[in-house]
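Listed below are the residues making up each chain.
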Amino acid sequence: MKYIFVTGGVISGLGKGITSSSIGRLLKSRGIKVTAIKIDPYLNIDAGTMNPIEHGEVFVLDDGGEADLDLGNYERFLDISLTSNHNITTGKVYRSVIEKERLGEYLGKTVQIIPHITNEIKTHIMNVAEATGAEVCIVELGGTVGDIESMPFLEAVRQMNSEMGKGQDCLFVHTTLVPIMGTVGEQKTKPTQHSVKELRSIGIQPDIIVARAKEPLEESIKKKISLFCDVPVEAVISCPDARSIYEVPMILNDQGITDYIIDRFKLNAKGPDLAEWRDFANRIINPSKTVKIALVGKYTHLGDSYISHMEAFHHAGAEAGTKVDVIFVDSEVVQQFGPTDDLKKADAILIPGGFGTRGIEGKIMTANYARLNNVPFLGVCLGFQIATIEFARNMLAMTDANSTEFDQKTKHPVVDLLPEQKNVTKMGATMRLGAQPVVLTEGSKAFKMYNSALIMERHRHRYEVNPKYIEDFEKAGWHFTGRSADGVKMEIAELDGHPFYVASQFHPEFKSRPNKPSPLHLNLVKAAVKRKYGLAD
Ligand code: GLN
């Protein structure tokens with residue numbers, strides 16, 4: 001097993017996740033089997049309880065793991081499915097060490113960060129990597145070099161390198177920022193120099209430097225970084241702003257990073273095959289049409305809160321030959337002022353997942369607007385529950401219909417906890433999480449979109465459509481055409497007599513990939529194109 005450790009310097013938000021994912025994609029394009037691990041130095045066990053405003057979206061894995069959004073990037077770039085073991089946090093590491101200590105496994109020794117915590121980290125990384133059968137494991141270290149929190153992780157990977165025969169089985173990629181100063185646009189290398197110095201002070205010499213800058217690095221700047229940081233000039237890679245994240249693998253590849261890694265590791269690689277990926281990226285960069293999709297939610301000022309939806313729209317747009325402009329609309333504003341101009345200009349509407357009461361009535365108004373005005377609509381998770389509530393209120397005359405999440409006393413709890421959920425009081429561990437089978441009704445829109453009678457999709461929610469009301473809904477035209485294997489839980493609903501009004505209890509965005517877009521996002525985008533351009537698909 002070979003390891004590529006990706007660290008970050010200077011500032012956060014340099015796109016370390018995209019660099020890691022792109023390197024993975026490039027090795028994969030040479031026939032090498034790759035896996036990836038994300039290290040998050042925070043104390044949370046996982047991202048499950050983290051606020052999307054602070055930390056971006058919580059990404060859900062097949063096994064129900066609630067992970068950092070970078071695992072979504074790895075899955076999308078590498079086209080693999082990961083498990084929660086691929087996200088290591090300080091919380092997980094300490095929990096495991098403390099449990100062992102309580103069991104007496106350390107035989108009376110003083111339990112310390114070095115060697116006990118560092119050993120735990122090394123073992124975890126190696127076990128996870130080896131279990132996948134990959135040849136190369138990319139390990140991305142969250143945070144910035146120099147943070148107190150990431151010290152034990154850096155020390156652990158330093159030890160790994162030295163135990164595995166320095167440089168033979170481990171490579172260090174350091175991502176930095178090259179700011180551009182003054183009117184002449186001078187590229188500055190000092191922050192890179194300082195951050196490499198910091199890395200060296202903990203015993204790690206980078207093998208490759210990926211420098212982010214607005215523009216491509218000048219040759220003289222590459223040479224300067226090479227000289228000051230003791231990295232061969234061919235291993236100083238420039239990563240300028242790209243038109244799309246999916247273009248980054250090509251940008252890195254053109255500078256020889258793939259060959260450099262293959263040579264250093266003496267890997268058996270086949271000829272490059274990036275044609276399909278290049279074609280996909282080109283379709284994103286050169287669309288022939290544009291549609292506007294309004295995303296009506298609560299965390300609308302932070303695009304990362306909905307990153308999987310944004311990517312699913314890229315995948316769908318590439319397939320449908322259109323650019324998708326996502327416009328964020330704050331549901332609280334809709335609640336206060338009714339459908340906003342932004343909402344009215346949209347060619348389609350998405351209500352994504354969410355928790356809590358804030359902005360709920362605005363979302364119900366949005367669903368009502370889409371239904372009555374024939375605007376293509378997709379509701380996901382909370383959006384599915386919202387569409388169901390709206391339908392009950394306005395088509396079944398249950399004016400106070402609601403979810404018991406928002407109104408415990410409603411006379412019409414059309415969305416409710418199922419009996420098995422009601423006894424669970426502790427937060428966490430009460431959610432339906434991860435991939436579960438969904439059975440689709442033959443002949444339905446859902447069946448046609450998925451072209452299959454049985455699908456696996458990922459979940460993250462507590463509440464379900466109340467089985468008591470299913471018949472009423474069906475009779476009035478809100479059809480549940482996707483259900484759980486036991487038939488009790490409603491998974492997809494579609495509306496009669498509307499160009500496209502569909503909702504799902506599961507999250508199709510988590511499994512959307514380049515060249516394999518989520519069928520629901522794809523069909524929403526196609527319906528938007530049809531509405532705007534009047535074309536058949
Ligand atoms: N709050 C809703 C529930 O718990 C929806 C969750 C979601 O959208 N992820 O069921």
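Described below are features of the structure shown in this document. (Residues numbered from 1 in each chain as written. Predicted model: local features only at pLDDT ≥ 70, side-chain atom pairs only at ≥ 80, totals over all residues. Heavy atoms only, no water.)

### Some details on helix α4 (residues 90-102)
- With 13 residues, α4 should reach 18 Å at 1.5 Å per residue; the first-to-last C-alpha distance of 18 Å fits that figure.
- For α4, the full list of buried residues reads Thr 90, Gly 91, Lys 92, Val 93, Ser 96 and Val 97.
- Packing partners of the buried residues in α4 comprise β2 (34-40), β5 (87-89), α5 (113-132) and α6 (151-163).
- Directly after α4, the chain includes Gly 104, whose backbone phi takes a positive value near 80 degrees. (Helix = DSSP H or I, 4+ residues; strand = E, 2+ residues; numbered from the N terminus. Expected span 1.5 Å × (residues − 1). Buried < 20%, exposed > 50% of the residue type's maximum accessible area, 1.4 Å probe, protein only. Contact = heavy atoms within 4.5 Å.)

### Thoughts on the site of the ligand
- Around the ligand sit Gly 353, Gly 354, Phe 355, Cys 381, Leu 382, Gln 385, Glu 405, Arg 460, His 461, Arg 462, Tyr 463 and His 507, and that is every residue in its neighbourhood.
- The contact in question runs from an oxygen atom of the ligand to an N or O atom on the backbone of Gly 354, over 2.9 Å.
- Coverage of the ligand by the protein amounts to 99% of the 300 Å² it exposes when considered alone.
- For the shell around the ligand, the secondary-structure elements that each account for two or more residues are α16 (382-395) and β19 (454-461).
- Here the shell around the ligand is composed, by residue class, of four nonpolar, five polar and three charged. (Near = heavy atom within 4 Å. Polar contact = N/O pair within 3.5 Å; in protein donor to acceptor, adjacent residues only side chain to side chain. Areas by Shrake-Rupley, 256 points an atom, 1.4 Å probe, with all protein chains shown as cover. Nonpolar A, V, L, I, M, F, W, Y, C, P; charged D, E, K, R; others polar.)

### Points about the packing of α5 against α6
- The interhelical angle for the contact between α5 and α6, taken along N-to-C directions, is 70 degrees, at an axis separation of 9 Å. By the angle class used here, α5 and α6 are roughly perpendicular. Relative to α6, the crossing made by α5 is right-handed. Within the contact between the two elements, α5 uses Ile 113, Ile 114, Ile 117, Thr 118, Asn 119, Ile 121, Lys 122, Ile 125 and Met 126 and α6 uses Pro 152, Phe 153, Glu 155, Ala 156, Val 157, Gln 159, Met 160 and Glu 163.
- Residue classes in the contact of α5 with α6 are distributed as 11 nonpolar, three polar and three charged. (Axes fitted to C-alpha atoms, helices over the stretch in contact; angles between N-to-C directions. Parallel < 35°, antiparallel > 145°, perpendicular 65-115°, else oblique. Left-handed = near helix turned anticlockwise from the far one by under 90°.)

### What about the packing of helix α7 (residues 190-201) against helix α8 (residues 219-229)?
- Look at α7 against α8: their axes get within 10 Å of each other, and the N-to-C directions meet at 25 degrees. Taken together, the axes of α7 and α8 are roughly parallel relative to one another. The handedness of the crossing between α7 and α8 is right-handed. Across the interface between the two elements, Thr 192, Gln 193, Val 196 and Arg 200 from α7 touch Lys 224, Ile 225, Phe 228 and Cys 229 from α8.
- A breakdown of the residues in the contact of α7 with α8 according to their chemical character gives four nonpolar, two polar and two charged.

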